[in-house]
Amino acid sequence: MFQSILVPIDGSEHSRLALCVACKLARQEDGQLVLLHVPEALEHEPLLVWGLGAVPMEATLEKRETVGRELLDKASEEAQALGVKDVETVIGKGNPALNILDQARQRGVDAIVMGSRGLGDFKGLVVGSVSHKVSHGAECRVITIH
């Protein structure tokens, strides 16, 4: 059903659950996963899954990208442990929602599987969450994991 699936990874527990669901879907078709991380400055220091610590609020973009690569490496290892053979990782830049939509369009993925909530704060509820923006702007299926 899904040959290629884009999975945004932000280090939240919701993105980890989305990865697990995406792995189940990809295994059914011997499909490919594209794991995408878009480093962004947050207004708080989040705790990250996969044994990675918090990113300081004042961290430079370079530091956020380094942590992002570590997240992607850990997520890729988990996907492979869950039976997905074809895993690609990508570091994006800029607005997370727009970057997710652009990557999905450029790669022609069949689906985006993402957490309904990530590391964002209350501002996301007011301005609109990344998952909401992606689900309304995507040209493919979007599966949000709650």
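### Section: the packing of helix α1 (residues 13-29) against helix α2 (residues 61-81)
Phase 1 of the analysis: Closest axis-to-axis distance for the α1/α2 pair is 10 Å, and the angle between their directions is 35°. The crossing of α1 and α2 is right-handed. Touching Arg-16, Leu-19, Cys-20 and Cys-23 of α1 are Ala-75, Glu-78 and Ala-79, all from α2.
Phase 2 of the analysis: Residue classes in the contact of α1 with α2 are distributed as 5 nonpolar, no polar and 2 charged.

### As for the packing of helix α3 (residues 96-107) against helix α5 (residues 130-137)
Phase 1 of the analysis: With their axes 9 Å apart at the nearest point, α3 and α5 run at an angle of 35° to one another. Classified by chirality, the crossing of α5 by α3 is right-handed. Along the contact surface, α3 presents Pro-96, Ala-97, Ile-100, Leu-101 and Arg-105, while α5 presents Val-130, Lys-133, Val-134 and Gly-137.
Phase 2 of the analysis: Considering only residue class, the contact of α3 with α5 consists of 6 nonpolar, 1 polar and 2 charged.

### Focus: the confidence of the model for the chain
Phase 1 of the analysis: Residues with a pLDDT of 70 or more make up 90% of the chain, whose mean pLDDT is 88.
Phase 2 of the analysis: Confidence over residues 121-127 falls short of pLDDT 50; this stretch has 7 contacts with residues more than four positions distant or in other chains.

### A short note on the pairing of strand β1 (residues 4-8)
Within a regular beta strand, the side chains point alternately toward one face of the sheet and then the other, so they alternate between its two faces.
Phase 1 of the analysis: Counting buried positions over the 5 residues of β1 gives 5, a clear majority of the element.
Phase 2 of the analysis: Neither face of β1 is open: one carries Ser-4, Leu-6 and Pro-8, the other Ile-5 and Val-7, and all of them are buried.
Phase 3 of the analysis: Inspection of the sheet shows β1 paired to strand β2 (residues 32-37) by 5 bridges, in the parallel sense. The residue bridging Leu-6 from the neighbouring strand is Val-34, located in β2.
Phase 4 of the analysis: As for the winding sense of the linkage, the β-α-β connection from β1 through α1 to β2 is right-handed.
Phase 5 of the analysis: Relative to strand β4 (residues 111-115), β1 runs parallel, the two sharing 2 bridges. Considered in β4, the bridge of Leu-6 is made with Ile-112.

### Details of the nonpolar core
Phase 1 of the analysis: If you look at the biggest cluster of nonpolar residues, it comprises 28 residues, and the most contacted ones within it are Ile-5, Val-7, Ile-9, Leu-19, Leu-33 and Leu-35.
Phase 2 of the analysis: Of all the secondary-structure elements, those providing two or more residues to this core are β1, α1, β2, α2 and β4.
Phase 3 of the analysis: The element that contributes the greatest number of residues to this core is α1, accounting for 6 residues.
Phase 4 of the analysis: Contact partners of Val-7, with chain neighbours within four places excluded, come to Ala-18, Leu-19, Ala-22, Leu-33, Val-34, Leu-35, Leu-36 and Val-113.
Phase 5 of the analysis: With 14 residues, the next largest nonpolar core counts Leu-36, Val-38, Ala-97 and Met-114 among its residues.

### Regarding the sheet that holds β4
Strand pairs in the sheet, formed through backbone hydrogen bonds, run parallel or antiparallel to each other.
Phase 1 of the analysis: Taken together, 5 strands build an open sheet; the order of strands is β3-β2-β1-β4-β5 and the sheet is parallel. At either end of the open sheet lies a strand with only one pairing partner, and these are β3 (86-91) and β5 (141-145). Strand-to-strand twist across the sheet, computed as the mean angle between neighbouring axes with direction ignored, equals 20°.
Phase 2 of the analysis: Pairing of β4 with β5, which is carried by 5 bridges, proceeds in the parallel orientation.

### Looking at the side chain of Asn-99
Phase 1 of the analysis: Within the element layout of this structure, Asn-99 appears in helix α3.
Phase 2 of the analysis: Its relative accessible area of 11% is what places Asn-99 among the buried residues.
Phase 3 of the analysis: Residues within four places of Asn-99 in sequence aside, it is in contact with Leu-36, Val-38, Gly-92 and Lys-93.

So, how was this worked out
- Residues numbered from 1 in each chain as written.
- Predicted model: local features only at pLDDT ≥ 70, side-chain atom pairs only at ≥ 80, totals over all residues.
- Heavy atoms only, no water.
- Axes fitted to C-alpha atoms, helices over the stretch in contact; angles between N-to-C directions.
- Helix = DSSP H or I, 4+ residues; strand = E, 2+ residues; numbered from the N terminus.
- Left-handed = near helix turned anticlockwise from the far one by under 90°.
- Contact = heavy atoms within 4.5 Å.
- Nonpolar A, V, L, I, M, F, W, Y, C, P; charged D, E, K, R; others polar.
- pLDDT = per-residue confidence, 0-100.
- Buried < 20%, exposed > 50% of the residue type's maximum accessible area, 1.4 Å probe, protein only.
- Pairing = 2+ DSSP bridges.
- Right-handed = clockwise from strand over helix to strand, strands pointing away.
- Core = buried A, V, L, I, M, F, W, Y, C linked by side-chain atoms within 4.5 Å.

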